[in-house]
Amino acid sequence: MPDDLLDARRRKLQNIVQLERDPYGRRFPDVVANDAIRARAEALNLSPGQTAEAERVTAAGRITLLRNMGKLAFLHIRDSRADLQIGVSKKAVSESDWAVLEQLDLGDIIGVTGAIGRTKTNEVTVWVNSLTILSKCRQIPPEKWHGLSDVDLRYRRRYVDLFTNPEVMKTFRDRIAIIDAIRDHLRKLGFLEVETPALQPIYGGAAARPFTTHHNTLDIELFLRISPELYLKRLLVGGMERVFEIARNFRNEGMSPRHNPEFTMLELYQAYGDLSDMMDVTEGMISSAIAQLDGRHERQFGDQTINYTAPFKRRTYGDLLREHAGVDLRDHNAVFEKAKSQHLLNKLAKDPNRAARASSAADLGIDQAIIANELFEATVEPYLIQPTFVTEYPAELCPLTRRKPDDPTLALRFELYVAGMELANAYTELNDPDIQRQTMSQHLQGEGDETMRVVDEDFLLALEYGMPPAGGLGVGIDRLVMLLTNSQSIRDVILFPLQRPSQNT
């Protein structure tokens, strides 16, 4: 049956050619968006069955409904904003246009001109006097126009997902609005948007496993950036006091509903600022994004209701670990035993037998802070539902962060958690080149080769010229869009997420 339907569409395409009409159209100017046409119709206050002959418009879109009753046809066309009903009377169009209409299928893209009116059932309708085929759809759209139901196929054929599912289109329009709002907010605060290299000779700025590539002309190994951090800080040295970049980052790590190897991160730095300034900036950006969408600070995410009204809660890392795991961060033995009892060491050790025999972090060759963080992720993060700034992280986890003046074992850092996931990460930045060299050289070892194990000599040289004290912030754009649009998977907010190759794409 599908082959017969495809053959029928090809025959209709040939029929259109025989009518001396191009089945793939031409320039079609002066198109008015469907929602704007509907708004104009509302303003006209037309009665059922009335047509405003003087109100003529040009519309275009993909056919989602087609009913030909012999001498009268009704179609629905869809653009990126809305659906619109089109009415075609055989008496009102040319013989050629009507002949083309008879060759149309669901999914074809057409353009029309006509007058705004309402049907007797009060449906806003454009009554056509001219119809143009703009692109013949040779494939069969999903049955009944309810969108793709196969999740994997939806991501592989996002182009079909978009035009068959208005909710998906809205999500990506909202994503664009959120990013626009963030840009506007930061520019009002005096930040400059910049661009830094995506191909880097030394990867840095995070503990992550990079993607590697090779530059043939220079004959050097390069890395796709895991973070723009060290380049943005060079700009602080250069005198750009407030900079931000909305960057595509790449980390050669696992995939999950909250992780994609290629993701979008906002990163910014504010000279003469600190952690408290970054909290203000974070709350302001999120509030601006919400205002750009619909202004609702109370929003659903799955079955959870999140309230984004500022100020957000502030809790220390140690207090949360004590509350949820029942151990003191400074009691290394208690932290280790608690992690061991919850079988968290197996992943770090990659050898269950070695993990079972171990009595300390040293036995596993793993930094104590890594074990504490595994315990934090397992016992604390799931309960951080409402927006919460978690502060005072173990200093060993934060080699690029200034230490707390009265307790150098803690870092002046926060992570913002919402709905149990990390959304933002911020520091009072470290700008002492000697301390920075020391922390970069400590080789904080984590899982596998996810480690801050590289020393960027040029960055250290830049610090020796003097970097002003600063606050720095990173926000996961994809996760923010997930939260504000109630999307449960990161792949729902990335237009073309990475997929395993398929034989049947």
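Structure shown above.
First things first, this report covers the structure right here in the doc.

What counts as what
- Residues numbered from 1 in each chain as written.
- Predicted model: local features only at pLDDT ≥ 70, side-chain atom pairs only at ≥ 80, totals over all residues.
- Heavy atoms only, no water.
- Helix = DSSP H or I, 4+ residues; strand = E, 2+ residues; numbered from the N terminus.
- Buried < 20%, exposed > 50% of the residue type's maximum accessible area, 1.4 Å probe, protein only.
- Areas by Shrake-Rupley, 256 points an atom, 1.4 Å probe, with all protein chains shown as cover.
- Lys, Arg positive; Asp, Glu negative; His and termini not counted.
- Charge placed at Lys NZ, Arg CZ, Asp CG, Glu CD.
- Pairing = 2+ DSSP bridges.
- Axes fitted to C-alpha atoms, helices over the stretch in contact; angles between N-to-C directions.
- Contact = heavy atoms within 4.5 Å.
- Core = buried A, V, L, I, M, F, W, Y, C linked by side-chain atoms within 4.5 Å.
- Salt bridge = Lys/Arg side-chain N within 4 Å of Asp/Glu carboxyl O.
- Phe/Tyr/Trp six-rings, centres within 6.5 Å; stacked < 30°, edge-to-face > 60°.
- Arc of directions from axis to C-beta.
- Polar contact = N/O pair within 3.5 Å; in protein donor to acceptor, adjacent residues only side chain to side chain.
- Parallel < 35°, antiparallel > 145°, perpendicular 65-115°, else oblique.
- Left-handed = near helix turned anticlockwise from the far one by under 90°.
- Nonpolar A, V, L, I, M, F, W, Y, C, P; charged D, E, K, R; others polar.

1. As for the overall build of the chain
So, step 1. Across its full length, the chain holds 17 helices and 19 strands.
So, step 2. Over its C-alpha atoms, taken along the principal directions, the chain stretches across nearly 85 × 50 × 50 Å.
So, step 3. Here the chain holds 505 residues, and 50% of them are scored as buried.
So, step 4. With an accessible surface of roughly 24200 Å², the chain has 49% of that area assigned to carbon and sulfur atoms.
So, step 5. With 62 positive and 72 negative side-chain charges, the chain shows a separation of 7 Å between the mean positions of the two kinds.

2. Section: the sheet that holds strand E5 (residues 124-135)
So, step 1. Here five strands make up a closed barrel; going around it, the order is E1-E2-E3-E5-E4 and the pairing mixed. Here the average twist between neighbouring strands, direction ignored, is 50°.
So, step 2. Pairing geometry for strand E2 (residues 72-78) and strand E3 (residues 83-89), over seven bridges, is antiparallel. Paired with histidine 76 across the two strands is glutamine 85, which belongs to E3.
So, step 3. Strands strand E1 (51-68), E2, E3, strand E4 (109-118) and E5 of the sheet are contacted by helix H2 (residues 34-44), whose axis makes an angle of about 135° with E1.

3. Describing the nonpolar core
So, step 1. Judged by nonpolar contacts, the single largest core of 42 residues is most densely connected at Leu186, Leu266, Leu268, Met285, Phe414, Leu416 and Leu473.
So, step 2. Taken together, the elements giving at least two residues each to this core come down to helix H6 (166-188), strand E10 (242-250), strand E11 (262-271), helix H8 (275-293), strand E17 (407-418), strand E18 (421-428), strand E19 (470-476) and helix H17 (477-485).
So, step 3. Here this core gets eight residues from one element, more than from any other, and that element is H8.
So, step 4. Once residues within four sequence positions are removed from consideration, leucine 266 is found in contact with Ile182, Leu186, Phe244, Glu245, Ile246, Met285, Leu473, Gly474, Val475 and Ile477.
So, step 5. Membership of the second largest hydrophobic core comes to 33 residues, among which are Ala361, Leu384, Val390 and Ala411.

4. Some words on the side chain of lysine 233
So, step 1. Secondary-structure assignment places lysine 233 in helix H7 (residues 229-238).
So, step 2. With residues up to four places along the chain from it excluded, the contact list for lysine 233 reads Tyr269, Leu400, Glu429, Phe459 and Met467.

5. Considering the pattern of salt bridges
So, step 1. Taken as a whole and judged by the stated rule, the model has 35 salt bridges.
So, step 2. Aspartate 108 is paired through a salt bridge with lysine 136; the nearest N and O atoms lie 2.8 Å apart. You can see aspartate 108 sitting in the loop between helix H3 (95-101) and E4 and its partner lysine 136 sitting in the loop between E5 and helix H4 (151-156), a full 28 residues away along the chain. The burial state of aspartate 108 is the same as that of lysine 136; both residues are buried.
So, step 3. When the shortest N-O distance is used, the salt bridge between glutamate 392 and lysine 404 registers 2.9 Å. Of this pair, glutamate 392 sits in strand E15 (residues 388-394) while lysine 404 is found in strand E16 (residues 403-404), placing the two residues twelve residues apart along the sequence.
So, step 4. The exposure class of glutamate 392 is partly exposed, given its relative accessible area of 25%.

6. Focus on unusual backbone geometry
So, step 1. Of note, the bond from alanine 310 into proline 311 is cis; its omega dihedral lies within 30 degrees of zero at 0°.
So, step 2. The residue proline 311 is located in the loop between strand E13 (304-307) and strand E14 (313-316) in this model.
So, step 3. At glutamate 20, a position not held by glycine, the phi torsion is positive, near 60°.
So, step 4. In this fold, glutamate 20 is placed in the loop between helix H1 (2-18) and H2.
So, step 5. Classification of glutamate 20 as exposed rests on a relative accessible area of 75%.

7. Topic: the packing of aromatic side chains
So, step 1. Counted according to the given criterion, the structure contains eight aromatic pairs.
So, step 2. Ring geometry for tyrosine 317 against phenylalanine 376: centres 4.3 Å apart, planes inclined by 5°, an arrangement best described as stacked. With tyrosine 317 in helix H9 (residues 317-325) and phenylalanine 376 in helix H14 (residues 368-379), this pair connects stretches of sequence that are 59 residues apart.
So, step 3. A residue is classified by how much of its surface remains accessible, and tyrosine 317, at 0% relative accessible area, is buried.
So, step 4. On the basis of relative accessibility, which here comes to 0%, the residue phenylalanine 376 falls in the buried class.
So, step 5. Plain terms: the ring middles of phenylalanine 376 and tyrosine 393 are 6.3 Å apart, the flat faces sit at 55° to each other, and that makes the pair tilted. Residue phenylalanine 376 is located in helix H14, and its partner tyrosine 393 is located in strand E15; the two are separated by 17 residues in the primary sequence. Tyrosine 393 carries the same exposure label as phenylalanine 376, and that label is buried.
So, step 6. Here a set of aromatic residues connected by ring pairs shows up, and it is made of Tyr317, Phe376, Tyr393 and Tyr417.

8. Examining the sheet that holds strand E8 (residues 212-215)
So, step 1. The sheet built from three strands is open, its strands ordered E7-E9-E8 with antiparallel pairing. Edge positions in the sheet fall to strand E7 (199-200) and E8, since each of these pairs with one other strand and no more.
So, step 2. When E7 meets strand E9 (residues 220-224), the two strands line up antiparallel, connected through two bridges. What sits directly across from leucine 199, in E9, is leucine 224.

9. Things to note about helix H15 (residues 433-440)
So, step 1. Within H15, the full set of buried residues consists of Pro433, Gln436, Thr439 and Met440. Mapping the buried residues of H15 onto a view down its axis gives an arc of 125°, with all of them on the same face.
So, step 2. Packed against the buried residues of H15 are H7, E16 and helix H16 (457-464).
So, step 3. Two or three places before aspartate 434, at the opening of H15, aspartate 432 has a side-chain oxygen 2.9 Å from that residue's backbone nitrogen.

10. Concerning the packing of H9 against H14
So, step 1. Closest axis-to-axis distance for the H9/H14 pair is 10 Å, and the angle between their directions is 60°. Taken together, the axes of H9 and H14 lie oblique to each other. For the crossing formed where H9 meets H14, the hand is left-handed. In this structure, H9 contributes Tyr317, Leu320, Leu321, His324 and Ala325 to the contact, and H14 contributes Ala372, Asn373, Leu375, Phe376 and Thr379.
So, step 2. Class assignment of the residues belonging to the contact of H9 with H14 gives a composition of seven nonpolar, three polar and no charged.

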